[in-house]
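Reading the structure
For reference, the chains in residue letters:
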Amino acid sequence: MGFLWTGTWILVLVLQSSPIQAFPKPGGSQDKPLHNRELSAERPLNEQIAEAEADKIKKTYPPDVLGLGAFLPENKPGESNYSFVDNLNLLKAITEKEKIEKERQSIRSSPHDNKLNVEDVDSTKNRRLIDDYDSTKSGLNHKFQDDPDGLHQLDGTPLTAEDIVQKIATRIYEENDRGVFDKIVSKLLNLGLITESQAHTLEDEVAEVLQKLISKEANIYEEEPNKPTSMTESQAGKIPEKVTPMAAIQDGFTNGQNDETVSNTLTLTNGLERRTKIYNEDNFEELQYFPNFYALLKSIDSEKEAKEKETLITIMKTLIDFVKMMVKYGTISPEEGVSYLENLDETIALQTKNKLEKNVTDNKSKLFPAPSEKSHEETDSTKEEAAKMEKEYGTLKDSTKDDNPRGKTDEPKGKTEAYLEAIRKNIEWLKKHNKKGNKEDYDLSKMRDFINQQADAYVEKGILDKEEADAIKRIYSSL
Amino acid sequence: MAARGGRALLALCAALAACGWLLGAGAQEPGAPAAGMRRRRRLQQEDGISFEYHRYPELREALVSVWLQCTAISRIYTVGRSFEGRELLVIELSDNPGVHEPGEPEFKYIGNMHGNEAVGRELLIFLAQYLCNEYQKGNETIVKLIHNTRIHIMPSLNPDGFEKAASQPGELKDWFVGRSNAQGIDLNRNFPDLDRIVYVNEKEGGPNNHLLKNLKKIVDQNTKLAPETKAVIHWIMDIPFVLSANLHGGDLVANYPYDETRSGSAHEYSSCPDDTIFQSLARAYSSFNPPMSDPNRPPCRKNDDDSSFVDGTTNGAAWYSVPGGMQDFNYLSSNCFEITVELSCEKFPPEETLKSYWEDNKNSLISYLEQIHRGVKGFVRDLQGNPIANATISVEGIDHDVTSAKDGDYWRLLAPGNYKLTASAPGYLAITKKVAVPYSPAVGVDFELESFSERKEEEKEELMEWWKMMSETLNF
């Protein structure tokens, strides 16, 4: 900064050498009042954050100013109290700082630190998903780890009777050994905590819970043949004798286990398939909450555009699931989730409407005779929808792994929106212009080729980014 | 589609999409967590023109959007890179972008040559969007302009300086920070000082136009020139620009050549041969800008000396002497007439004021564009109809010539009056024509030049004819 000032003062002196009264004095600008400007006001905050982040990246952990520690893998995701918005903003801030520093050397250098940050965030997210999707590792594991035979829960509150039963049953299930039960019961008896009759009752209860556990697992892994067996057996076992029920349960359980070990992969796949099937059945139910999207789907000719329809459904479904998940984990509030989905639906409506409007003008064009026009229209809107969504994903996906120092995920969205809007205006004008001037009908494929060519040329010259060019090409190819 | 690529991948993309859309949705809600949101996206105030400052990525984006909206009449290109590697982007608007149509004059606007003088940069972005919008709406003035002119708009000649200036925290922008390029060079003092040469030539005899032949080589070898300066010089040499304006900030006036005083004093009126037309051109800008042309406007700063300002215009040297500036370089090395427009008392005013600057300047920007269609224009060809490039067109009484471009086309800006124009080229016989020039539009005057050899042939033929006639009459 000192250097700069020296330089500027030299400049002033130079100019002063031929005394200029009219030359504006720097002091004059100082008495302007200060007021907030979004452009400049944010800088200090961002720099603060960015500096903190930058330091952390380089060394160990400095004072955690804004809960930035949540970025670290050790922190439980569930305990974070920052919003996802802040995440990205911090990320942006970091990348801004990086960008400024890196641009000193060369503008094309990839900010590895930035990449690291992005990957950190991503890997944290991934970890959460995997942990929670993996239903074989039930939460019950955690309860047993620390205190296998203890009579307290993790948080120190004493166990209730149900808890004890549950605990025992789970233990037996997991260790696949009824000896566990015997051990525990004998311990309890020895301690005088329970009477003989109470032990019997306990056995029954444990059997019940165990049965439930087994049947639940069986459901998930499609143990159709084994379910009735284990059910009936355990039911039979419930009646008087001590040994029989346990043996029966054990048998059923062992069967289940065997099958499990033998055809683990198969059952898993079945499970997944079953999940998918559920999805498909569900989807129309859920999607009816999205009237516009539903209408769009309905309007697609199932035979011709089955693939597109399926894709659309999948995309929509996935989006909905993720919103649900985010609500579940508290990343966003339910209201936000709902409003987002509503927004989505509205946007679809708007896009469809625009497409339809555009295609209405097509009706008059000689190129499109009336009957095939309708299906063309629908094809267009489908393709455009699909392409639009794909593009959104593509752009967003790319931007998080972007080498470009920007790395802001909200920017691509605003930018592609702007580009879409611009392209739409262009097409509108071209159609109108050609109609008026009675020139040759506006040739879409020629336009597309031209745009592709230009986009590539611009990428070469550094006027467009590769992703931008791809997005633009995609938009045009979807028309 | 992606469905096959793995559900996980699609799922991740969808998650990101969801998050991204959420943010978008969040940003649109009032009272949404605005903390940390870098900028208000799309203040759709008027026809897709967002009146906010554009950093380099946004600048690029804005130009790309204009191109996408008006692909038929626009083209983006770059004349080179700044010191820190940012592209010096230009958007060209014309009915046949990328092509010089014979007879179609070329115009340029350059802004933000001093990085902290930000209004010009933004106005040029708004102008590009405005021209595109108006063209599509069928605005006759704009349509005519775009069909008959090739308009080049460079919003920023010093993007590095702008980034530095814009990065300053707080409202107050320093008077100097970001002014020069990344090397600390003031670009408007970095051009070869042709004024000095001209002043010497005036005394001792010599040309005052198209000085420095073989310019490209000299330019490339000159180590004192900033990359931005070099890029612009090449640009000027490559395209036969006719009219130009260079946008600045820090005051409110339209400034015309010469910028450097003859005597070397601090300020004295130093007129160039085309003083009359320049005054007219400068006035064409200032008169449509209410504060600029307001005679009762107080000076920008209390002790400023604006005694040289007349109707919002001023001779450069009368205001203060500037050596090595881009404006005079244009005039003395090429056919291009350039003025310098100071757009704002404050060099980097608050973002909220940008809209009003646009309102103040949009008519001026268009009016100045239209000035290119004034004076005289035409073609210089030989007797076979072939274009003669680099022919000289001189005007009696004005000691400044212009030359014809590759297609033999020329444009000579002139104030209304009666003139004698002479076209000449080496190996050709010069032709002089009388022209009456109105305020506008430009009068078309073509020249068909006869080469010396043709004339010799003609004379020989004439002689033979005479001899034949004589011999027949006198019977020898």
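Reading guide: rules and limits
- Residues numbered from 1 in each chain as written.
- Chains lettered and ligands numbered in written order.
- Predicted model: local features only at pLDDT ≥ 70, side-chain atom pairs only at ≥ 80, totals over all residues.
- Heavy atoms only, no water.
- Helix = DSSP H or I, 4+ residues; strand = E, 2+ residues; numbered from the N terminus.
- Buried < 20%, exposed > 50% of the residue type's maximum accessible area, 1.4 Å probe, protein only.
- UniProt positions renumbered as here; feature names shortened; annotations may be inferred.
- Pairing = 2+ DSSP bridges.
- Axes fitted to C-alpha atoms, helices over the stretch in contact; angles between N-to-C directions.
- Patch = residues over 30% accessible without salt bridge, like charges linked within 9 Å, V, L, I, M, F, W, Y side chains within 5 Å.
- Areas by Shrake-Rupley, 256 points an atom, 1.4 Å probe, with all protein chains shown as cover.
- Salt bridge = Lys/Arg side-chain N within 4 Å of Asp/Glu carboxyl O.
- Lys, Arg positive; Asp, Glu negative; His and termini not counted.
- Charge placed at Lys NZ, Arg CZ, Asp CG, Glu CD.
- pLDDT = per-residue confidence, 0-100.
- Contact = heavy atoms within 4.5 Å.
- Phe/Tyr/Trp six-rings, centres within 6.5 Å; stacked < 30°, edge-to-face > 60°.
- Polar contact = N/O pair within 3.5 Å; in protein donor to acceptor, adjacent residues only side chain to side chain.
- Core = buried A, V, L, I, M, F, W, Y, C linked by side-chain atoms within 4.5 Å.
- Domains from an automatic or database assignment.
- Expected span 1.5 Å × (residues − 1).
- Disulfide = S-S within 2.5 Å.

On to the overall build of chain A. A count of helices and strands for chain A gives 18 helices and zero strands. The buried share among the 479 residues of chain A stands at 41%.

Moving on, we get to the UniProt feature "active site" (unreviewed entry) in chain B. Per the UniProt entry, the sites bearing "active site" (unreviewed entry) are Glu342 of chain B in this numbering. By secondary structure assignment, the location of Glu342 of chain B is in strand E8 (residues 337-344).

So, on to the sheet that holds E8 of chain B. Residue and element names in this part refer to chain B. Strand order in the open sheet formed by eight strands is E1-E2-E4-E3-E5-E8-E6-E7, with mixed pairing between adjacent strands. A strand with exactly one partner marks an edge of an open sheet, and here the two such strands are strand E1 (74-81) and strand E7 (313-315). Strand-to-strand, the axes of this sheet are offset by a mean angle of 25°, without reference to chain direction. As paired strands, strand E2 (residues 87-93) and strand E4 (residues 150-154) are joined by three bridges and run antiparallel to one another.

Now for the pairing of E8 of chain B. Residue and element names in this part refer to chain B. Across the eight residues that make up E8, a large majority, eight, are buried. The sheet contact formed by strand E5 (residues 241-248) and E8 spans six bridges and is parallel. The residue of E8 that forms the bridge with Leu243 is Phe337. In this sheet, E8 lies alongside strand E6 (residues 251-256) in antiparallel orientation, the contact comprising five bridges. Residue pairing for E8: Asp251 is matched across the bridge by Ser344.

Residue and element names in this part refer to chain A. Here Lys167 is to be found in helix H6 (residues 161-175). A residue is classified by how much of its surface remains accessible, and Lys167, at 13% relative accessible area, is buried. Separated by 42 residues in the primary sequence, Lys167 and Val209 have C-alpha atoms spaced 9.6 Å apart.

All names here are of chain B. Taken together, Glu457, Glu459, Glu461, Glu462 and Glu465 make up a surface patch of like negative charges. When you line up the elements, Glu465 lands in helix H14 (residues 452-474). By relative accessible area, which is 54% here, Glu465 ends up exposed.

So, about the confidence of the model for chain A. Residue and element names in this part refer to chain A. Looking at chain A as a whole, the pLDDT averages 61, with 37% of positions reaching at least 70. pLDDT under 50 marks residues 106-135. Its contacts with residues more than four places away, or in other chains, come to 39 contacts. Confidence over residues 223-282 falls short of pLDDT 50; this stretch has 50 contacts with residues more than four positions distant or in other chains.

Under the criterion given, the structure shown has 31 salt bridges over all chains. With a shortest N-O distance of 2.9 Å, Arg179 of chain B and Asp186 of chain B are connected by a salt bridge. Judged by its relative accessible area of 5%, Arg179 of chain B is buried. We note a salt bridge from Arg301 of chain B to Asp251 of chain B, for which the minimum N-O separation is 3.6 Å. Residue Arg301 of chain B is located in the loop between helix H10 (290-293) and E7, and its partner Asp251 of chain B is located in strand E6; the two are separated by 50 residues in the primary sequence. Taken individually, Arg301 of chain B and Asp251 of chain B each receive the classification buried, so the pair is uniform in this respect. Ionic contacts of the salt-bridge type, sharing partners, join the residues Lys415, Asp465 and Glu468 of chain A together with Arg60 of chain B into one network.

A few words on the packing of aromatic side chains. Residues and elements named next belong to chain B. In the structure shown here, the tally under the stated rule is 23 aromatic pairs over all chains. Their ring planes at 85° and their centres at 6.0 Å tell us that Phe126 and Trp358 sit as a pair that is edge-to-face. Highlighted residues: Phe126 in helix H3 (residues 119-137) and Trp358 in helix H13 (residues 354-370), separated in sequence by 232 residues. Judged by relative accessible area, which is 0%, Phe126 ranks as buried. One aromatic cluster is present, formed by Tyr199, Tyr258, Phe278, Tyr331 and Phe337 through successive ring pairs.

A few words now on the sheet that holds strand E13 (residues 417-424) of chain B. Residues and elements named next belong to chain B. If you trace the four strands from one edge of the open sheet to the other, you get E11-E10-E13-E15, paired in antiparallel fashion. With one partner strand each, in any of the chains shown, strand E11 (398-403) and strand E15 (431-437) form the two edges of the open sheet. The mean inter-strand angle of the sheet, taken between neighbouring strand axes irrespective of direction, is 25°. In terms of strand pairing, strand E10 (residues 392-395) meets E11 through three bridges, oriented antiparallel.

Residues and elements named next belong to chain B. As for its position among the elements, Gln371 is in the loop between H13 and strand E9 (376-382). Looking at Gln371, its side chain comes within polar contact range of the main-chain oxygen of Ser367, at 3.2 Å. Residues in contact with Gln371, not counting those within four places in the same chain, are Leu243, Leu281, Ala284, Leu413 and Tyr439.

What follows is about the nonpolar core. Residue and element names in this part refer to chain B. Among the nonpolar cores identified, the biggest contains 138 residues, and Tyr109 and Leu421 are the most heavily contacted of them. Residue assignment places this core across two domains, with domain 1 (56-373) and domain 2 (376-455) each supplying three or more. Residues contacting Leu421, with those up to four places away along its chain left out, are Val376, Ile393, Ser394, Val395, Tyr410, Leu414, Ile431, Thr432, Lys433, Val435 and Phe447.

The first and last C-alpha atoms of helix H2 (residues 56-69) of chain B sit 20 Å apart over 14 residues, in line with the 20 Å expected at 1.5 Å per residue. For H2 of chain B, a buried count of 14 out of 14 residues is recorded, marking the element as mostly surrounded by other parts of the structure.

Along the chain, the position of Thr78 of chain B falls in strand E1. Beyond its immediate chain neighbours, meaning those up to four positions away, Thr78 of chain B contacts Lys461 and Ile463 of chain A together with Glu87, Leu88 and Leu89 of chain B. Side-chain polar atoms of Thr78 of chain B contact the backbone oxygen of Gly80 of chain B, separated by 3.0 Å. Among the polar contacts made by the side chain of Thr78 of chain B, one reaches the side chain of Glu87 of chain B at a distance of 2.8 Å.

Let us look at the state of the cysteines. Residue and element names in this part refer to chain B. Enumeration over the complete set of coordinates arrives at two disulfides over all chains. Paired by a disulfide, Cys70 and Cys132 hold their sulfur atoms 1.9 Å apart. With the S-S dihedral at roughly 90°, the linkage between Cys70 and Cys132 falls on the right-handed side. One end of the pair, Cys70, is in the loop between H2 and E1; the other, Cys132, is in helix H3, and 62 residues separate them in sequence. Accessibility expressed as a relative area gives 2% for Cys70, which makes it buried. The disulfide bridge from Cys300 ends at Cys345, spanning 1.8 Å between sulfur atoms. Its S-S torsion of approximately -70° makes the covalent link between Cys300 and Cys345 left-handed.

Moving on to the side chain of Ser367 of chain B. All names here are of chain B. Along the polypeptide, Ser367 turns up in helix H13. In this structure the side chain of Ser367 is engaged in a polar contact, spanning 2.8 Å, whose partner is the backbone oxygen of Ala284. Setting aside its immediate chain neighbours within four residues, Ser367 contacts Ala284 and Phe288.

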